[in-house]
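# Remarks on the overall topology
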Amino acid sequence: MNFYKGYYIVRNARENIRGHWATHLVTLAAVGFSLLLFAVFLLVLTNLQLVANRWGSELQITAYLDGGVSEDGRQGLEKTIGGWQEVESVSFASPADALEALKKALGEAAHVLEGLPENPIPASLEVRLRKPARNLDSIREVADRCQSLKGVAQVEYGGAWIGRFFALVRVLRWLGLCLGALLLLGTVIVISSTLTLGFYARRDEIEILRLVGATEGFLRLPFLLEGLVQGIGGAGVSVVLSWGLYLFFRFRLGESWTQFAGWTKPVFLSSVSILALLLLGTVLGIVSTFLSFSRFSRSAV
Amino acid sequence: MIQFFHVSMVYSGSTPALRDVTLEVPKGEFLFVTGPSGAGKSTILKLILGVERATQGQVLVNGRNITRMAGREMAGLRRQIGFVFQDFKLLPRKTVMENVSLALQVQGLPPKKVLHRAYQALRSVGLSDKRDEKPLRLSGGEQQRVAIARALVGSPIILLADEPTGNLDWGLSREIMDQFLKIHELGTTIVVATHNEGLIEYCGKQRIVLERGAVVAPS
């Protein structure tokens, strides 16, 4: 294709968008809002995933020892656990240390512990994992290994509730994928319907252009450009709107979020996610255009 | 220039539009295709332009068999053929100049060249002063002259016209035919489908007569 053909194709697309600007604007808004729902879902999921990872990384394993474990036995356990590659450090907490720490944590309410006839807290080993191993699967595995050691009475790592949180994030991710697929299908239908209307509105022009020797590429590329403008434009609108919502959320609910997540601030979509959204818009534009080509070809040509 | 070999054409679910038509239009010929309504006149033009495909037989245009021609090749052939229809087929939202320019834009010519050649084509049909008008503001005769300008702007080797004066009075019809005769003098092969006997007599050119899809004269 020579340069001037490209020029006429772009000009035809521009004229068609100008000539039917209201239809294109409504389509752009519809695509923008569909992708906005997708972007917001992605945003929520990204932040929940971050929270889950953060909580997971803060977990440490507490291995409570049997009452009858000797000093040598305890040191042996420390050495065994400390030798595992996932483990960063192992520290011993004597019953007295643990009681002291509990009193500190209870603050003014610590007096409830004063009436105890004897210290009920067993000795324990606090196991801290290396960074790469600070995830639920590794924690669970190391905890199981600790539990199987002789001299260990019980192991705790708060796994039950964080496991449920991870499961919730997984469910949300699948829900998002299903919802996203439906929304994307809707978006394709909206764009391709607008383009098909455009085909019908320009039916006479297409017929005349064919008769004077226009190639199929010359006829169809303006529509492809229109589809791309709607897809990428809609994705751009969704990114801008979700950025606005994100700022609003941060301004109005930032503190509540920090209390909930123990995290400094919520984050916006990563540049990769934004690029992926724009790419998604591009793909939607292309798919919609080809769908409308086939619909128009079946019914009109 | 144009050859039909035993061409038959049947539109789906109807009686044949053409039956075993064999004809030859030499280069530089001016031929009228005449006959009553439904005789198959328009079908012959549509087959030459590649808008319809022959059900049987072969159609050759400028030495190339177009029976199975498609895509780019067909587009290239159509650039060598100008056409004029009874209903003008002009785009009402575009100006006269833009309508004429379409035929050059599809060839990818530079915009300046397109404007220059479209202006020349409009001048040759006496409408250069109406170039910025919309077609619906022109008379029927003027609209048909715009269609002729669009047909000529690409310097076609063949000009096809389907009832080009069907919507015009006798005076305007003669004007249009004078344009065609001028174009013919420049060496363009012309095929005009019409049932207007007066027009054929006025031009004094060759004719073939169709009846129910078959050539009945000359036999």
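What counts and what doesn't
- Residues numbered from 1 in each chain as written.
- Chains lettered and ligands numbered in written order.
- Predicted model: local features only at pLDDT ≥ 70, side-chain atom pairs only at ≥ 80, totals over all residues.
- Helix = DSSP H or I, 4+ residues; strand = E, 2+ residues; numbered from the N terminus.
- Rg over C-alpha atoms; globule rule 2.2 N^0.38 Å.
- Buried ≥ 20, exposed ≤ 12 C-beta atoms within 10 Å, placed from the backbone.
- Contact = placed C-beta atoms within 7 Å.
- Core = buried A, V, L, I, M, F, W, Y, C linked by C-beta atoms within 7 Å.
- Axes fitted to C-alpha atoms, helices over the stretch in contact; angles between N-to-C directions.
- Parallel < 35°, antiparallel > 145°, perpendicular 65-115°, else oblique.
- Left-handed = near helix turned anticlockwise from the far one by under 90°.
- Nonpolar A, V, L, I, M, F, W, Y, C, P; charged D, E, K, R; others polar.
- pLDDT = per-residue confidence, 0-100.
- Pairing = 2+ DSSP bridges.
- Domains from an automatic or database assignment.

## A closer look at the overall build of chain A
- Looking only at helices and strands, one finds 9 helices and 4 strands in chain A.
- Relative to the 2.2 N^0.38 estimate, which gives 19 Å for 301 residues, the radius of gyration of chain A is 31 Å and therefore markedly larger than a compact globule would have.
- Expressed along its principal axes, the backbone C-alpha trace of chain A runs to roughly 100 × 40 × 30 Å.
- The buried share of chain A, reckoned over its 301 residues, is 27%.
- Sequence-distant contacts, at least 24 apart, represent 85% of the contacts inside chain A between residues at least 6 apart.

## Some details on the nonpolar core
- Counting residues in each nonpolar core, the largest one holds 102 residues, and the members touching the most others are Ala39(A), Ile48(B), Val100(B), Ala149(B), Leu160(B) and Val191(B).
- It is helix α8 (residues 216-261) of chain A that contributes the most residues to this core, 9 residues altogether.
- Residues in contact with Val191(B), not counting those within four places in the same chain, are Val25(B), Leu31(B), Val33(B), Leu45(B), Ile48(B) and Leu160(B).
- Counting 14 residues, the second largest nonpolar core, distinct from the first, contains Val90(A), Leu125(A), Val127(A) and Val142(A).

## Brief notes about the packing of helix α3 (residues 96-105) of chain B against helix α4 (residues 111-124) of chain B
Residue and element names in this part refer to chain B.
- Two elements in contact, α3 and α4, have axes whose closest approach is 9 Å; the angle formed by their N-to-C orientations is 120°. Regarding the angle of α3 to α4, the classification is oblique. The two elements α3 and α4 cross, and the hand of that crossing is right-handed. Contacts from Val 96, Met 97, Val 100, Ser 101, Leu 104 and Gln 105 in α3 reach Val 114, Arg 117, Ala 118, Ala 121 and Leu 122 in α4.
- Of the residues assigned to the contact of α3 with α4, the class counts are 8 nonpolar, 2 polar and 1 charged.

## A word on the confidence of the model for chain A
- Residues of chain A with pLDDT of at least 70 account for 94%, and the chain-wide mean is 84.
- When mean pLDDT is compared element by element in chain A, helix α3 (residues 71-82) of chain A scores highest at 90, while helix α4 (residues 95-106) of chain A scores lowest at 80.

## Section: the interface of chain A and chain B
- Chain A puts 15 residues into the contact, and the matching count from chain B is 17 residues.
- Breaking the side of chain A that touches chain B down by element, the ones donating at least two residues are α1 (3-19), α7 (203-211) and α8 of chain A.
- When residues of the side of chain A that touches chain B are assigned to their parent elements, the largest contribution, 5 residues, is made by α7(A).
- For the side of chain A that touches chain B, the residue count by class is 8 nonpolar, 3 polar and 4 charged.

## Some points on the packing of helix α5 (residues 140-152) of chain B against helix α6 (residues 170-185) of chain B
All names here are of chain B.
- Direction vectors running N to C along α5 and α6 enclose 15°, while the axes themselves pass 10 Å from each other. Considered as vectors, α5 and α6 are oriented roughly parallel to each other. Crossing angle aside, the handedness with which α5 passes α6 is right-handed. Packed against α5, whose contacting residues are Gly 140, Gly 141, Gln 144, Arg 145, Ile 148 and Leu 152, the element α6 presents Leu 172, Glu 175, Ile 176, Gln 179 and Ile 183 at the interface.

## Digging into the pairing of strand β3 (residues 30-34) of chain B
Residues and elements named next belong to chain B.
- Along β3, 5 of the 5 residues are buried, which leaves the element largely enclosed by surrounding structure.
- Neither face of β3 is left uncovered, since the one carrying Phe 30, Phe 32 and Thr 34 and the one carrying Leu 31 and Val 33 both have all their residues buried.
- Note: β3 against strand β8 (residues 189-193), 4 bridges, orientation parallel. Directly across from Val 33, in β8, lies its bridge partner Ala 193.
- Two elements, β3 and strand β9 (residues 206-211), share 4 bridges in a ladder whose sense is parallel. Each bridged residue has a counterpart across the sheet, and for Val 33 the counterpart in β9 is Ile 208.

## Some remarks on the domain arrangement of chain A
- Segmenting chain A into domains produces domain 1 (3-55 + 163-300) and domain 2 (60-157).
- Once you take the C-alpha centre of each, domain 1 of chain A and domain 2 of chain A turn out to be 52 Å apart.

## Quick look at the sheet that holds strand β1 (residues 2-10) of chain B
Residue and element names in this part refer to chain B.
- Strand order in the open sheet made by the 4 strands is β2-β1-β4-β5, with antiparallel pairing throughout. The open sheet has two free edges, formed respectively by β2 (16-25) and β5 (64-65), since each of these has just one partner strand.
- Pairing geometry for β1 and β2, over 6 bridges, is antiparallel. Within the sheet, the bridge partner assigned to Gln 3 lies in β2 and is Glu 24.
- On the sheet, helix α1 (residues 41-49) packs against β1, β2 and β4 (56-61) and is oriented at approximately 115° with respect to β1.

## Regarding the sheet that holds strand β1 (residues 61-65) of chain A
Residue and element names in this part refer to chain A.
- Strands sit in the order β2-β3-β1-β4 across an open sheet of 4 strands; the sheet is antiparallel. For this open sheet the edge positions go to β2 (87-93) and β4 (152-156), each flanked by a neighbour on one side alone. Each neighbouring strand pair of the sheet contributes to a mean axis angle of 20°, computed without reference to strand direction.
- Bridging between β1 and β4 involves 4 bridges; their strand directions are antiparallel. Directly across from Tyr 64, in β4, lies its bridge partner Gln 154.
- Packed on one face of the sheet, α3 meets β1, β2, β3 (124-129) and β4 and runs near 160° to β2.

## Things to note about unusual backbone geometry
Residues and elements named next belong to chain B.
- Located in the positive-phi region is Asp 20, a residue other than glycine, with phi close to 45°.
- By secondary structure assignment, the location of Asp 20 is in strand β2.
- Since 15 C-beta atoms lie within 10 Å of it, Asp 20 is described here as partly exposed.
- With a phi angle near 50°, Ser 155 is a residue other than glycine that sits in the positive phi range.
- Tracing the chain through its elements places Ser 155 in the loop between α5 and β7 (158-162).

## Regarding the environment of Ile274(A)
Residue and element names in this part refer to chain A.
- One can find Ile 274 in helix α9 (residues 271-300).
- Its 19 C-beta neighbours within 10 Å are what place Ile 274 among the partly exposed residues.
- Excluding residues within four positions of it along the chain, Ile 274 makes contact with Val 239 and Leu 269.

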